[in-house]
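Letter by letter, the chains look like this.
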Amino acid sequence: KEKSTVTQMMMVETLAYGDLGQALAFFTRHSVLNAIVNWATESQQQTLIPEFLQEIPVLASIAINEPTPLFSPFKLNTTAVKKGTEYIINGKKNMVPLAEKADYFLVAAQTDNQQIQIFMVNKDSDGLTITAERSMGLNAAQLGVLSFDNVCVDESAILGGKDGIQYNKFINYAKLGWCSLAVGCCQAILDYVIPYANDRYAFGEPISHRQAVAFMIADIKIELESMRILTQRAAAKAEQGLDFEKEAYLAHIMCSDKGMQIGSNGVQLLGGHGFVRDFPVERWYRDLRAVSIAANGMHL
């Protein structure tokens, strides 16, 4: 039942160095397992954890995002109304990683008492419709949409039992996951544009000799290190069991803002090459756009 938030942050950062979307897909199952280890009751852990240790482990995903303007994970339209010992779930979730392949989902829903709980929902549940979703980026994560039409689950499906979980802390862990993805992807951009700028000649000299180019690359390095330090600080406090809400918030703000800027600057530095798919920078740019809006799939 032990885990290291800092170690997992480093793992996610390294995976995202190659492909942010693929890292999200790869770590989705692990994120669900982290949530179970952190929040599930002993009975739930005894039932669920062995499924992740099989030769072919179960595939699960997290569903929080909703297709609403100015989405906030703390203002959900998906509801779970209690009837006897069961809950009836209605609503829609989008940007769910590996939606069509997952065996079950951790679904955030607003309950009768205005609290948000996480429900474990099987993919074969009556009333649950799963469809693929076309998105700007994260293609490797195979995002999908979950539509809930009077989906019935037992109250034992609440992660953490009747008392539920600390939802605010759950979201803070998700923020750390997305920050780690952003840091890894931005490091890949920096390591790509430096040799490109040194090797690309224009007007008889490398474009890196131009101050506008050199300053832009320097800014990427400065902003990347700020993103990494803030994320490391939040992850370190989380691992020590300390309150890390402020640190997670600051890290996520920095990674959301500067991550998109670094992606855009990477495309700009490659000029016309940045626009075509022969080069990976345009994919990194598209993937980084998700950091500011996604709360799904990641839980360090």
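Everything here concerns the structure above.
Residues numbered from 1 in each chain as written. Predicted model: local features only at pLDDT ≥ 70, side-chain atom pairs only at ≥ 80, totals over all residues. Heavy atoms only, no water.

For this particular structure, what's the right way to read the overall build of the protein?
Secondary structure assignment for the protein yields seven helices and nine strands. Expected size for 300 residues packed as a compact globule is a radius of gyration near 19 Å; at 20 Å, the protein falls within 12% of this value. Projected onto its principal axes, the C-alpha coordinates of the protein cover approximately 75 × 40 × 40 Å. Looking at the protein as a whole, 53% of its 300 residues qualify as buried. At a minimum sequence separation of 6, the contacts of the protein that also span at least 24 residues come to 74%. In the form shown here, the protein has an accessible surface area of approximately 14,000 Å², with 52% of it arising from carbon and sulfur atoms. Seen as two clouds, the 26 positive and the 32 negative side-chain charges of the protein have centres 4 Å apart. (Helix = DSSP H or I, 4+ residues; strand = E, 2+ residues; numbered from the N terminus. Rg over C-alpha atoms; globule rule 2.2 N^0.38 Å. Buried < 20%, exposed > 50% of the residue type's maximum accessible area, 1.4 Å probe, protein only. Contact = heavy atoms within 4.5 Å. Areas by Shrake-Rupley, 256 points an atom, 1.4 Å probe, with all protein chains shown as cover. Lys, Arg positive; Asp, Glu negative; His and termini not counted. Charge placed at Lys NZ, Arg CZ, Asp CG, Glu CD.)

Help me out: how do you make sense of the pattern of salt bridges in this one?
Opposite charge on two side chains lets them pair, provided their charged atoms get close. Scanning all chains against the criterion turns up 10 salt bridges. The shortest N-O distance in the salt bridge between Glu 66 and Lys 93 comes to 3.0 Å. With Glu 66 in the loop between strand 1 (60-63) and strand 2 (79-83) and Lys 93 in strand 3 (residues 86-96), this residue pair connects regions lying 27 residues apart in the sequence. Lys 93 matches Glu 66 in its accessibility class, with the two residues each being buried. Among the salt bridges present, the one from Lys 82 reaches Glu 155, with a minimum N-O distance of 3.5 Å. Residue Lys 82 is found in strand 2, and its partner Glu 155 is found in the loop between strand 7 (144-154) and helix 4 (167-199); the two are separated by 73 residues along the sequence. Within this structure, Glu 13, Lys 221, Glu 225 and Arg 228 form a network of salt bridges that share partners. (Salt bridge = Lys/Arg side-chain N within 4 Å of Asp/Glu carboxyl O.)

What should I look at first to understand a nonpolar patch on the surface in this one?
Judged by side-chain polarity, Tyr 249, Leu 250 and Ile 253 come together as a nonpolar surface patch covering roughly 290 Å² of accessible area. Along the chain, the position of Leu 250 falls in helix 6 (residues 245-270). (Patch = residues over 30% accessible without salt bridge, like charges linked within 9 Å, V, L, I, M, F, W, Y side chains within 5 Å.)

Could you clarify how one ought to interpret the packing of aromatic side chains in this entry?
One pair of aromatic rings is described through two measures. These are the centre distance and the angle between the planes. Summed over the entire model, instances satisfying the criterion amount to six aromatic pairs. On the numbers, 5.9 Å between centres and 80° between planes, the contact of Tyr 192 with Trp 284 is edge-to-face. Residue Tyr 192 is located in helix 4, and its partner Trp 284 is located in helix 7 (residues 281-288); the two are separated by 92 residues in the primary sequence. On the basis of relative accessibility, which here comes to 26%, the residue Tyr 192 falls in the partly exposed class. Feature note: the residues Phe 74, Tyr 167 and Phe 170 constitute an aromatic cluster, connected by ring pairs. (Phe/Tyr/Trp six-rings, centres within 6.5 Å; stacked < 30°, edge-to-face > 60°.)

Bear in mind that shape data such as this cannot, by itself, settle questions of function.
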